[in-house]
Amino acid sequence: MARKKKYIEEDVIVKAMHLFWRKGYENTSMQMLEKEMGINKFSIYSSFGNKHGLFLESLKCYKSKVASMFDKFQKASKGVDDIKQFFYDSVAISSQDDFEKGCLLTNTYNEFSETDDPLINDLMVSFMDNLKKLFIEKLKLSGYSDEEEITKLANFLVLAKHGLAAASRVNSEKEIEDYIEMTFKNL
């Protein structure tokens, strides 16, 4: 007879997500996951297949936690001002109690950029393409019409967002504000 789980799967995924967010995938061991999640390896393997499966579930969990911020950004209609607000919102969200500093997806993008992991790479490409598409939409709302310029600006903004995510882990609020303000000074 199968044993009944003595944990709530969503709760342990959130705990794993936080650990991966702080440590990264490679620096997170199964022992660390066991301790953080409060369950044993057998339960992890039984529920998620392996560390990689648990990591994929953690990324899905993170995306659901930031979905409202992306929905707000997608529905906004003030162009460049919306992009700037999105930058501020992405920093503010990491100061919430149930968030770590920085961005788990940016951390993952950096960590897996040179690997051949098709599942992670597909998730990251999809995320970055969606972000770039949103930036392009907002730039067009602000009156930009030259496709080459829009693409260059969107690429710049994606890179600036990566930089912001990294900086928000270590820099002061004032330094972050200066970074955002200077990013948008000439847009």
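Residues numbered from 1 in each chain as written. Predicted model: local features only at pLDDT ≥ 70, side-chain atom pairs only at ≥ 80, totals over all residues. Heavy atoms only, no water.

A.B. asks: Kindly report on the overall build of the protein chain, identifying the contributing residues and their values.
C.D. replies: In terms of helices and strands, the protein chain carries 9 helices and 0 strands. From first element to last, N terminus to C terminus, the protein chain shows the α and β order α-α-α-α-α-α-α-α-α. Reported as C-alpha extents along the three principal axes, the dimensions of the protein chain are approximately 65 × 35 × 30 Å. Expressed as a percentage of the 187 residues in the protein chain, the buried residues total 44%. Accessible area of the protein chain: about 10,700 Å², with a carbon and sulfur share of 50%. (Helix = DSSP H or I, 4+ residues; strand = E, 2+ residues; numbered from the N terminus. Buried < 20%, exposed > 50% of the residue type's maximum accessible area, 1.4 Å probe, protein only. Areas by Shrake-Rupley, 256 points an atom, 1.4 Å probe, with all protein chains shown as cover.)

A.B. asks: Kindly report on the environment of Cys103, identifying the contributing residues and their values.
C.D. replies: Position of Cys103 relative to the elements: it lies in the loop between helix 5 (80–93) and helix 6 (104–111). With 21 residues separating them in the primary sequence, Cys103 and Met124 have C-alpha atoms 12 Å apart. Setting aside residues no more than four positions away along its own chain, Cys103 makes contact with Trp21, Tyr62 and Ala165. (Contact = heavy atoms within 4.5 Å.)

A.B. asks: Give me the lowdown on the state of the cysteines, citing residues and values where you can.
C.D. replies: Inspection of every chain in the model, using the stated rule, returns 0 disulfides. The thiol of Cys61 is unpaired, and the distance to the nearest cysteine sulfur, on Cys103, comes to 13 Å. Residue Cys103 is classed as buried on the basis of its relative accessible area of 7%. (Disulfide = S-S within 2.5 Å.)

A.B. asks: Please set out the packing of aromatic side chains residue by residue, giving values where relevant.
C.D. replies: Scanning the model with the defined rule gives 13 aromatic pairs in all. Ring geometry for Phe70 and Phe86: centres 5.1 Å apart, planes at 65 degrees, overall edge-to-face. Note that Phe70 is positioned in helix 4 (residues 51–75) and Phe86 in helix 5, a separation of 16 residues in sequence. Given a relative accessible area of 1%, Phe86 falls into the buried group. Between the aromatic rings of Phe86 and Phe135, the centroid separation amounts to 6.3 Å while the plane-to-plane angle is 75 degrees, which identifies the pairing as edge-to-face. Of the two residues, Phe86 is situated in helix 5 and Phe135 in helix 7 (residues 118–141); the sequence distance between them amounts to 49 residues. For the residue pair Phe86 and Phe135, the accessibility class agrees, reading buried in each case. Taken together, the aromatic side chains of Phe70, Phe73, Phe86, Phe87, Phe127, Phe135 and Phe184 make up a single cluster linked through ring pairs. (Phe/Tyr/Trp six-rings, centres within 6.5 Å; stacked < 30°, edge-to-face > 60°.)

Interpretation note: all reported values are geometric properties and have no functional meaning in isolation.
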